[in-house]
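# Coordinates in review
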Amino acid sequence: MRVTVEVPATAANLGPGFDAFGLALDHCNEMTADTDRPPSLTWEGEGADELPTDGTDMVSETIRSVAASMGLEAPAVALHGRNRIPLARGLGSSSAAVVAGVAIASRLLDLGIDRDPVSMLAIAAGIEGHPDNAAPAIHGGMTIATGEGDVHQVAVHEGVHPLVLVPDVTLPTAAARAALPDTVPFADAVFNATHAALVVEALARDPALLPTALADRLHEGVRLAMVPDVADVADELRRLGVALCVSGAGPTLLAFQLEGGPDVQATARAVAPTWRVWPLRVRPHGFTVRVTE
Ligand code: HSE
């Protein structure tokens, strides 16, 4: 049996929606598990030279963990990852790996988890820790994850055109979280609550609100200070009128092409010539599974 799981990149937070909002992007990793070939683990694409091949990667660990939680042996498989999501850049590569691992274990062991988004999210977020990435990877579109297991999907307006601006530097999520303060001023919490509400309105109905809506006072400042070159690019692009936020824990920036706004792709290439700039579509659905017997 051959199981192929496609999982999208995701941008968590969307500015003020810290730890709650996420957006699925049509830029996917593809993980294949083949039970008819000798066990092996190979990678191509993003991170192929740095990802482990000894079974300590997140996909293999997730397959083992799901099997063990059911009292089962992990199946022996030839695993191959075709990675398009850059690692440690704030684009949900860890969630993609965990969602792929849960779906592969589910199909190979006939657990039915991958047909039940509620179980998928509980298991994937339990392993990886970030429901705001796991929710859009599973459901697609824009998602609001409460952190208590509830997810609401927001239908995204057709005029929402995201671009990811990927710098050369990496920023591990653990370090980007450790830098955050334990408490925040009440006024900043209020600012984020109001702007988070505006983000929902902007993505669902009125993309022109995005430049105002995406402002954050809880996490982006601290994180951008850890990558000053990225902070400079973000400042300059904002000055030039580009609507953007930090994607997840960063350092990738998530920008939006607005009707009548500056050409984001051209502007980003001019301001940050060494970065990768990808115009992407919002992916309306989450991961997919293909099985060949
Ligand atoms: N909400 C999480 C954070 C996302 O910003 O730390 C991590 O991908």
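All values derive from a computational prediction rather than experimental measurement. (Residues numbered from 1 in each chain as written. Predicted model: local features only at pLDDT ≥ 70, side-chain atom pairs only at ≥ 80, totals over all residues. Heavy atoms only, no water.)

## Examining the domain arrangement of the protein chain
Stated formally: Here the limits of each domain have been adopted from an automatic or database domain assignment. Any two residues whose heavy atoms approach within 4.5 Å are treated as being in contact. When two components associate, each loses some accessible surface as probed by a 1.4 Å sphere; the sum of these losses over both components is called the buried area. Between Lys or Arg on one side and Asp or Glu on the other, a salt bridge is scored when a side-chain nitrogen of the former is within 4 Å of a carboxyl oxygen of the latter. What qualifies as a polar contact is a pair of N or O atoms within 3.5 Å, subject to a donor-acceptor requirement within protein and to the restriction that residues adjacent in sequence count only when both atoms come from side chains. Helix numbers and strand numbers start at the N terminus; a helix is a DSSP run of H or I with at least 4 residues, a strand a run of E with at least 2.
You can read the domains of the protein chain as domain 1 (2-154 + 282-292) and domain 2 (162-279). Counting residues at the interface gives 27 residues for domain 1, matched by 37 residues for domain 2. With both sides pooled, the region where domain 1 packs onto domain 2 buries about 2,100 Å², and carbon together with sulfur makes up 67% of that total. Interface area lost by domain 1 to domain 2 is led by Pro 16, Phe 18 and Arg 89, which between them contribute 31%. Our count for the contact surface shared by domain 1 and domain 2 stands at 2 salt bridges. One salt bridge connects Arg 276 with Glu 46, and the closest N-O pair in it is separated by 2.6 Å. Across the domain 1-domain 2 interface, the total number found is 13 residue pairs in polar contact (both at pLDDT 80 or more). Of all the secondary structure elements, the ones that give two or more residues to the side of domain 1 that touches domain 2 are strand S1 (2-12), strand S2 (21-34) and strand S5 (142-145).

## Quick look at the sheet that holds strand S9 (residues 253-257)
How we decide: At least two bridges found by DSSP between two strands are what make those strands a pair. Inter-axis angles, ranging from 0 to 180 degrees, are taken between N-to-C directions of lines fitted to C-alpha atoms, where helices are fitted over the stretch in contact.
As summarised here, the arrangement of the 4 strands in space is S8-S9-S7-S10, forming an open sheet in which the pairing is antiparallel. Taken across any chain shown, the strands that pair with only one partner, and hence form the sheet edges, are strand S8 (243-246) and strand S10 (276-279). Strand-to-strand, the axes of this sheet are offset by a mean angle of 20°, without reference to chain direction. With 5 bridges joining them, strand S7 (residues 161-166) and S9 adopt antiparallel strand pairing. Looking at the pairing, His 161 lines up with Gln 257 of S9. Against the sheet, helix H9 (residues 228-239) engages S7, S8 and S9, with an angle of about 160° to S8.

## A closer look at the packing of helix H1 (residues 58-69) against helix H2 (residues 93-108)
For clarity, the threshold we go by: Orientation labels follow simple angle bins: below 35 degrees gives roughly parallel, above 145 gives roughly antiparallel, 65 to 115 gives roughly perpendicular, and whatever is left gives oblique. Note on convention: the crossing is left-handed when the near helix lies turned anticlockwise from the far helix by less than a right angle, right-handed when the turn is clockwise. Throughout this entry, Asp, Glu, Lys and Arg are counted as charged residues, while Ala, Val, Leu, Ile, Met, Phe, Trp, Tyr, Cys and Pro are counted as nonpolar. The remaining residues, Gly among them, count as polar.
At a minimum axis separation of 8 Å, H1 and H2 run at an interaxial angle of 40°. By the criterion of interaxial angle, the relationship of H1 to H2 is oblique. Crossing hand, H1 versus H2: right-handed. Residues Met 58, Val 59, Thr 62, Ile 63 and Val 66 of H1 touch H2, and the partners they reach there are Ser 94, Ala 97, Val 98, Gly 101, Val 102, Ile 104 and Ala 105. Across the contact of H1 with H2, the residue classes break down as 9 nonpolar, 3 polar and no charged.

## Details of the pattern of salt bridges
Under the convention used in this document: Exposure categories follow from relative accessible area, calculated using a 1.4 Å probe and restricted to protein chains: below 20% of the type maximum is buried, above 50% is exposed, and the middle band is partly exposed.
Applying the stated criterion to the full structure yields 11 salt bridges. The salt bridge partner of Arg 283 is Glu 6, with a shortest N-O separation of 3.3 Å. One end of the pair, Arg 283, is in the loop between S10 and strand S11 (288-292); the other, Glu 6, is in strand S1, and 277 residues separate them in sequence. The class for Glu 6 is partly exposed, based on a relative accessible area of 22%. The salt bridge involving Glu 201 is made with Arg 205; its shortest N-O contact spans 2.8 Å.

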